[in-house]
Amino acid sequence: MAVSTTFSGPKFESLFLKSSSSSSRLSSTSISNHISLLGKPRTTFIQKGIIRCDALNSSSNDQTTTTISALELLKTSGADRYTKERSSIVVIGLSVHTCPVEMREKLAIPEAEWPRAIAELCSLNHIEEAAVLSTCNRMEIYVVALSQHRGVKEVMEWMSKTSSVPVSDLCEHRFLLYNKDATQHIFQVSAGLESLVLGEGQILSQVKQVVKVGQGVNGFGRNISGLFKHAITVGKRVRAETNIAAGAVSVSSAAVELAYMKLPDASHGNARMLVIGAGKMGKLVIKHLVSKGCTRMVVVNRTEERVAAIREELKDIEIIYKPLSEMLSCTCKADVVFTSTASENPLFMKDDVKDLPPASQEVGGRRLFIDISVPRNVGSCVSDIDSVRVYNVDDLKEVVAANKEDRLRKAREAQVIIVEELKQFEAWRDSLETVPTIKKLRAYAERIRVAELEKCLGKMGDDISKKTRKAVDDLSRGIVNRMLHGPMQHLRCDGSDDRTLTETLENMHALNRMFSLETEISVLEQKVRAKVEQNQK
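What comes next is a walk through the structure. (Residues numbered from 1 in each chain as written. Predicted model: local features only at pLDDT ≥ 70, side-chain atom pairs only at ≥ 80, totals over all residues. Heavy atoms only, no water.)

Where helix α5 (residues 114-122) contacts helix α6 (residues 148-163), the two axes come as close as 10 Å, and the packing angle between them is 135 degrees. As far as their axial angle goes, α6 and α5 are oblique. Note that α5 runs across α6; the crossing there is right-handed. Every residue of α6 that contacts α5 at A117, E120 and L121 is listed here: V155, W158 and T162. (Axes fitted to C-alpha atoms, helices over the stretch in contact; angles between N-to-C directions. Helix = DSSP H or I, 4+ residues; strand = E, 2+ residues; numbered from the N terminus. Parallel < 35°, antiparallel > 145°, perpendicular 65-115°, else oblique. Left-handed = near helix turned anticlockwise from the far one by under 90°. Contact = heavy atoms within 4.5 Å.)

On to the sheet that holds strand β12 (residues 367-371), then. If you trace the six strands from one edge of the open sheet to the other, you get β10-β9-β8-β11-β12-β13, paired in parallel fashion. Two strands in the sheet have a free side with no partner beyond their single neighbour: β10 (318-322) and β13 (388-392). Strand after strand, the sheet turns through a mean of 20 degrees between neighbouring axes, direction not considered. Packed onto the sheet, helix α12 (residues 280-291) meets β8 (273-276), β9 (296-300), β10 and β11 (336-339) and runs at close to 160 degrees relative to β8. (Pairing = 2+ DSSP bridges.)

Once that is clear, we can look at the pairing of β12. Counting buried positions along β12 yields five of five residues, so the element is predominantly enclosed. Residues of β12 alternate between two faces, with R367, F369 and D371 on one and L368 and I370 on the opposite face, all of them buried. Bridge count between β11 and β12: four bridges; the pairing is parallel. By the bridge assignment, T339 is partnered in β12 with D371. Taken together, the five bridges between β12 and β13 define a ladder with parallel strand orientation. Residue pairing in the sheet places R367 in a bridge with V388 of β13. (Buried < 20%, exposed > 50% of the residue type's maximum accessible area, 1.4 Å probe, protein only.)

Next comes the structure, spelled out in structure tokens:
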């Protein structure tokens, strides 16, 4: 645990008591080395477990000191920070609940760019693993950080650099969760509890896509991969064991609901519908329009294949395909325009729309743009036109506010499952904690083996044969491996025997004490040093 000069009393007390537990009892200990805080010299006194910081007076310099130096304590703690600190799972996110669409669209990362983003994130000094979850409602970065504070700082700077959004603005809208809280968050996301539309199914497919894209990508490592795979299990289980998905609507269906809420009732059967984009969300828009009684619509898409497949599935519906080149001419003849494309640039700006003829009088002469894309397909400037009304994903809250109490009850049922799964994942991750001890114990034994082997070969002289040299080397390896077999077995907890996680961790701590492994450079610090050196080349 790293100690800063801005520590709190209880936190520092805990550190002191821990560090002195194995030594003789101190009834009254003072630390006299002077630490400059905010330009004023201060002395820290520790007396009977109570921490007190007092300003120094002129006689302080004459006081004799004690067994522990504050400066030395800070140095030791600083050097030990990676030994005591466990790598952390961190999520830094901005969602529809915390951040407006204007900022989310700047941060959005297309699926094709996720591997590049993972590589860039993992090139940062304190980031070991990473994943990106970017949808119309959220932009979340999941990382395994070798240091929480430094890792978050590096990721925030990366997000600012890639989006051109100042760090201060990101901090204003972000949410930041660590370890258990971060794990619980992705489980809730996968279960549909964090969605704008509670229980919607599309988010589970998006979480699955994170795993699919991440396979084989350096940086999508064991912790992050395990986290997302477990999140998929949670999402499936929640939907199978609760009725949270019963009657749940997707973003696409909420968009259709919003359109019908804004249209005059008398026009519901005659409003002219245009759907731009025939991907997953566009297809859902079409299906929900059909469920509302719409029997004819125009679909604009880059190619006709997807539209033809939808037309084949919905044989009784008149679906007219038009290429993107005819998008504006189709808009002229539409009363409601749904946009759901992956375009990174707006399809409609003010100059494109201002001279279009108004919508039919049956809908009040005002054309509706329902934009469910992030980045947005319809520029915000289009809203300035009197004959147009523009709605985006953030406006769907009006639709999903209905049946709130029923949805909260469903969420409580799902939360019970999430708590159970959270314990299982935390137990799995705790079992990984013994890995650094296994590596350090092997390295410790290997150093001894090599040193003793060199002594032995030196005594045997320079004229020994390669066969003899290899036999001695094999003998030494065999002895070490046989000696380590027992300890290694007791450092593993994979469910193959009756050994509990608690017992395994106790064995780990015992081996650390017996072989003084805690004093060696930790695996985390080795990783940080290696990354810093690599980035400096």
